[in-house]
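A structural walkthrough
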Amino acid sequence: GTGLRDAARGSRLRKLGVRSTIHKFRGDGFAEARGDGTVDLSGAGPAGAAAEAQPDARHIDWIFWRDARELELRPDSYEVITDRLANGRYPSDHFPIAASFSFVLRPAKPPASKL
């Protein structure tokens, strides 16, 4: 397809640790279902009980990718980084995210004949 894909859901190895990437400087003690006061994440993800079963149903930070004509990207890993600074504080009110990709070059397709 030509659409954007989510590295969190497409990677083979996922290290989540938390259900949401937002934490408002409270770390894992943040009640992510309440969102940040402007976004209600209680209904995020699939409807019903499936939303609670989805381990990343409430992530709001994304790494999207799309393959190129001659290059296919494969997300190998995705991680939500929950480390603190040396002084015990968090550098942001969102946990950082990281993904690693491998790539495969595809042979170029010859142009279509105009006959």
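Let us look at the structure shown here. (Residues numbered from 1 in each chain as written. Predicted model: local features only at pLDDT ≥ 70, side-chain atom pairs only at ≥ 80, totals over all residues. Heavy atoms only, no water.)

Thoughts on the overall build of the protein chain
- Helix and strand counts for the protein chain come out as two helices and five strands.
- The secondary structure elements of the protein chain, listed N-terminal to C-terminal, are β-α-β-α-β-β-β.
- Counting all 115 residues of the protein chain, 23% fall into the buried class.
- Of the contacts formed within the protein chain by residues at least 6 apart in sequence, a portion of 70% connects residues at least 24 apart.
- Surface exposure of the protein chain reaches about 7,900 Å², of which carbon and sulfur atoms provide 54%. (Helix = DSSP H or I, 4+ residues; strand = E, 2+ residues; numbered from the N terminus. Buried < 20%, exposed > 50% of the residue type's maximum accessible area, 1.4 Å probe, protein only. Contact = heavy atoms within 4.5 Å. Areas by Shrake-Rupley, 256 points an atom, 1.4 Å probe, with all protein chains shown as cover.)

Regarding the pattern of salt bridges
- Inspection of every chain in the model, using the stated rule, returns six salt bridges.
- The partner of Arg 12 in a salt bridge is Asp 76, and the shortest N-O contact between them spans 2.3 Å. Residue Arg 12 is located in the loop between helix H1 (7–10) and strand E2 (13–15), and its partner Asp 76 is located in strand E4 (residues 71–80); the two are separated by 64 residues in the primary sequence.
- For Asp 93, the salt bridge goes to Lys 24, with nearest N and O atoms at 3.8 Å. A residue pair is termed long-range when its members are at least 10 positions apart, and Asp 93 in the loop between E4 and strand E5 (97–105) and Lys 24 in the loop between E2 and helix H2 (49–53) qualify at 69 residues.
- What you see here is one network of salt bridges that share partners, running through Arg 5, Asp 67 and Arg 106. (Salt bridge = Lys/Arg side-chain N within 4 Å of Asp/Glu carboxyl O.)

What to know about the packing of aromatic side chains
- Counted by the stated rule, this structure contains three aromatic pairs.
- Pairing Trp 65 with Phe 101 gives two aromatic rings, centres 5.6 Å apart and planes at 65°, and the pair type is edge-to-face. You can see Trp 65 sitting in strand E3 (residues 64–65) and its partner Phe 101 sitting in strand E5, a full 36 residues away along the chain.
- Of the residues examined, Trp 65 reaches a relative accessible area of 7% and is grouped as buried.
- Owing to a relative accessible area of 30%, Phe 101 belongs among the partly exposed residues under this scheme.
- Note on Tyr 90 and Phe 95: the rings are 5.7 Å apart at their centroids and 80° apart in plane angle, and the pair reads as edge-to-face. (Phe/Tyr/Trp six-rings, centres within 6.5 Å; stacked < 30°, edge-to-face > 60°.)

Section: the sheet that holds E2
- If you trace the three strands from one edge of the open sheet to the other, you get E2-E4-E5, paired in mixed fashion. The open sheet has two edge strands with one neighbour each: E2 and E5. Direction aside, neighbouring strands of the sheet carry axes that sit 25° apart on average. (Pairing = 2+ DSSP bridges. Axes fitted to C-alpha atoms, helices over the stretch in contact; angles between N-to-C directions.)

Description of the pairing of E4
- Here E2 runs beside E4; their pairing, made up of three bridges, is parallel. In the strand pairing of E4, Leu 13 is matched with Ser 77.
- Strand direction decides the pairing type here: E4 and E5, joined by nine bridges, are antiparallel. In the strand pairing of E5, Leu 71 is matched with Leu 105.

Things to note about unusual backbone geometry
- Its identity as a non-glycine residue notwithstanding, Lys 24 has a phi of 50°, on the positive side.
- For Lys 24, a relative accessible area of 30% translates into the label partly exposed.
- Of note, Phe 25 is a non-glycine position whose phi angle comes to about 65°, a positive value.
- Looking at the secondary structure, you find Phe 25 in the loop between E2 and H2.

Just geometry here; none of it tells us what the structure is for.
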